[in-house]
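Structure assessment
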Amino acid sequence: MRLLIVDDDLHLRKLVRTYAQLEQFQCEEAPNGQEALKLLDAHPFDLVVLDVMMPGLSGFETLTQIRKTSQVPVIMLTARSEEYDKLLGFKLGVDDYVSKPFSPKELMARIGAVLKRSNSPNRTLTFGELSISPESRNVTLRGQNISLSPKEFDLLLKLAQNERIVLSREQLLETIWGYSYCGDSRTVDTHVKSLRDHLGDYRNVIQTVWGVGYKFEYSKK
């Protein structure tokens, strides 16, 4: 797997590279958007880690150029928490966000989750006796179909595809209800409650992370 790390902070690039190489990634670095675009033109990459705030081309401008010719997965690093910035990124085609300062281990987990989704978007996910099929949008528990609303299915799939990664209510609203959705976080809580009711004794695979959001975590019984 080839990873391109784009950030004007040399120390941060080296930190990400160190952890990525431990996961057997081949890494290239670029200090700005212009250099990143040159590398992407010259070599294939499996994923790009892209900083938002850079001299010259910003991360958003670089992403816009990337999306003209490539659908390579992109994770953006941002020290800015404004909702508008994240909504713009999702509109431009970013796959995930990680806010600075971040845990390198969390970044690697998100890289793994994004690659899993991009490499096999229709792969059936199986957790014990619970199966989730993205292609048929079907959920079964012990072979019995579970009837979910479209948003309930999207929420369950999003959480399951990011197993063990905490997703904030804001992230779930942005990616499932859309960047123009004007609802509040109670919408997510209501759908999670309904999902848990449908899942019965598997309800605990959706775990609450107090003050943040939710994560999907399956433990063998």
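Below, the structure is looked at part by part. Remember, predicted model here, so these are calculated numbers, not experimental data. Each residue is numbered by its place in its chain's sequence as written, counting from 1. In keeping with the predicted nature of the model, local features appear solely for residues at pLDDT of at least 70, side-chain atom pairs appear and are counted solely at 80 or more, and the whole-chain, interface and lining totals rest on all residues. Side-chain measures here rest on the full set of heavy atoms in the structure, leaving out hydrogens and waters.

1. Concerning the side chain of Lys 158
Runs of H or I in DSSP of at least four residues are treated as helices and runs of E of at least two as strands, each being numbered from the N terminus. Along the chain, Lys 158 falls in helix H6 (residues 150-161). Any two residues having at least one pair of non-hydrogen atoms within 4.5 Å are treated as being in contact. Those residues in contact with Lys 158, other than ones at most four positions away along the chain, are Arg 117, Leu 167, Leu 172, Thr 175 and Ile 176.

2. Some words on the sheet that holds strand E2 (residues 26-30)
Sheet architecture is open: five strands sit in the order E2-E1-E3-E4-E5, paired in parallel fashion. Two strands in the sheet have a free side with no partner beyond their single neighbour: E2 and strand E5 (96-99). Across the sheet, the mean angle from the axis of one strand to that of its neighbour is 20°, orientation sign disregarded. Criterion used throughout: strands pair if DSSP finds at least two bridges between them. Each axis is a line fitted through C-alpha atoms, taken for helices only over the stretch in contact, and angles between the N-to-C directions span 0 to 180 degrees.

3. Looking at helix H2 (residues 33-42)
Along H2, the residues classified as buried are Gly 33, Ala 36, Leu 37 and Leu 39. The arc that holds the buried residues of H2, viewed along the axis, is 160°, so those residues lie on one side. Residues of H2 that are exposed and point over 90 degrees away from its buried face: Lys 38, Asp 41 and Ala 42. On its buried face, H2 sits against strand E1 (2-6), E2 and helix H3 (59-69). For this analysis, a polar contact is any N or O atom pair within 3.5 Å, provided that within protein one partner can donate a hydrogen and the other can accept it, and provided that sequence-adjacent residues contribute only side-chain to side-chain pairs. Of the residues flanking the start of H2, the one acting as N-cap is Asn 32, its side-chain oxygen 3.2 Å from the backbone nitrogen of Gln 34. Partly exposed describes any residue whose relative accessible area lies between the buried limit of under 20% and the exposed limit of over 50%, with all areas from a 1.4 Å probe on protein chains only and scaled to the type maximum. Taking the helix axis as origin, the arc is that swept by the directions to the C-beta atoms.

4. Thoughts on the pairing of E2
In this structure, E1 lies alongside E2, joined through five bridges in parallel fashion. Residue Leu 4 lies in a different strand from E2, and its bridge partner there is Glu 28. We call a crossover right-handed when, viewed with the strands running away from us, the connection from the first strand over the helix to the second turns clockwise. Regarding the hand of the β-α-β motif, the stretch spanning E1, helix H1 (residues 10-22) and E2 is right-handed.

5. Remarks on the packing of aromatic side chains
Working definition: a ring pair exists when centres of Phe, Tyr or Trp rings (six-membered ring for Trp) sit within 6.5 Å. Plane angles under 30 degrees give stacked, over 60 give edge-to-face, the rest tilted. What the rule picks out here adds up to four aromatic pairs. Measuring from centroid to centroid gives 4.6 Å for Phe 127 and Phe 216, while their planes differ by 55°, and the two rings are tilted. Remark: Phe 216 occurs in strand E12 (residues 213-216) and Phe 127 occurs in strand E6 (residues 125-127); sequence separation between them is 89 residues. No difference in accessibility class separates Phe 127 from Phe 216, as the two residues are buried. Each ring, one from Tyr 202 and one from Tyr 218, has its centre 6.1 Å from the other, and the planes form 10°; the classification is stacked. Of this pair, Tyr 202 sits in the loop between helix H8 (186-199) and strand E11 (206-209) while Tyr 218 sits in the segment after E12, placing them 16 residues apart in sequence. We classify Tyr 202 as buried; its relative accessible area is 3%. Site record: aromatic cluster; members linked through ring pairs are Phe 127, Tyr 202, Phe 216 and Tyr 218.

6. Re the packing of H1 against helix H5 (residues 104-119)
In contact at an axis separation of 10 Å, H1 and H5 are set at 60° when each is read in the N-to-C sense. It follows from the interaxial angle that H1 and H5 lie oblique. Crossing geometry of H1 relative to H5 is assigned as right-handed. Between H1 and H5, the contacting residues are Leu 15, Val 16, Tyr 19 and Ala 20 on the first element and Pro 104, Lys 105, Leu 107 and Met 108 on the second. A breakdown of the residues in the contact of H1 with H5 according to their chemical character gives seven nonpolar, no polar and one charged. By the definition adopted for this analysis, an angle is roughly parallel if under 35 degrees, roughly antiparallel if over 145, roughly perpendicular if from 65 to 115, and oblique otherwise. Crossing handedness is defined as follows: a turn of the near helix away from the far one that is anticlockwise and smaller than a right angle gives a left-handed crossing, while the clockwise case is right-handed. Here the term charged refers only to Asp, Glu, Lys and Arg, the term nonpolar to Ala, Val, Leu, Ile, Met, Phe, Trp, Tyr, Cys and Pro, and the term polar to all other amino acids, Gly among them.

7. Observations concerning the layout of surface pockets
Site definitions follow a grid-based scheme: protein atoms alone, a 1 Å grid, a 1.4 Å probe that fits but cannot get out for cavities, and for pockets an open set with protein on both sides within 12 Å along at least five of seven lines, plus lining residues having an atom within 4 Å of a point. Grid points are joined across faces, edges and corners, and a volume is the space filled by probe spheres set on the points. What the second largest pocket holds in volume is close to 220 Å³. Considering the residues around the second largest pocket, the lining is formed by Glu 106, Ala 109, Arg 110, Gly 112, Ala 113, Lys 116, Gln 161, Asn 162, Glu 163, Arg 164, Ile 165 and Val 166. In terms of residue count, the dominant contributor to the lining of the second largest pocket is H5 (six residues). Tallied by class, the residues present in the lining of the second largest pocket amount to four nonpolar, three polar and five charged.

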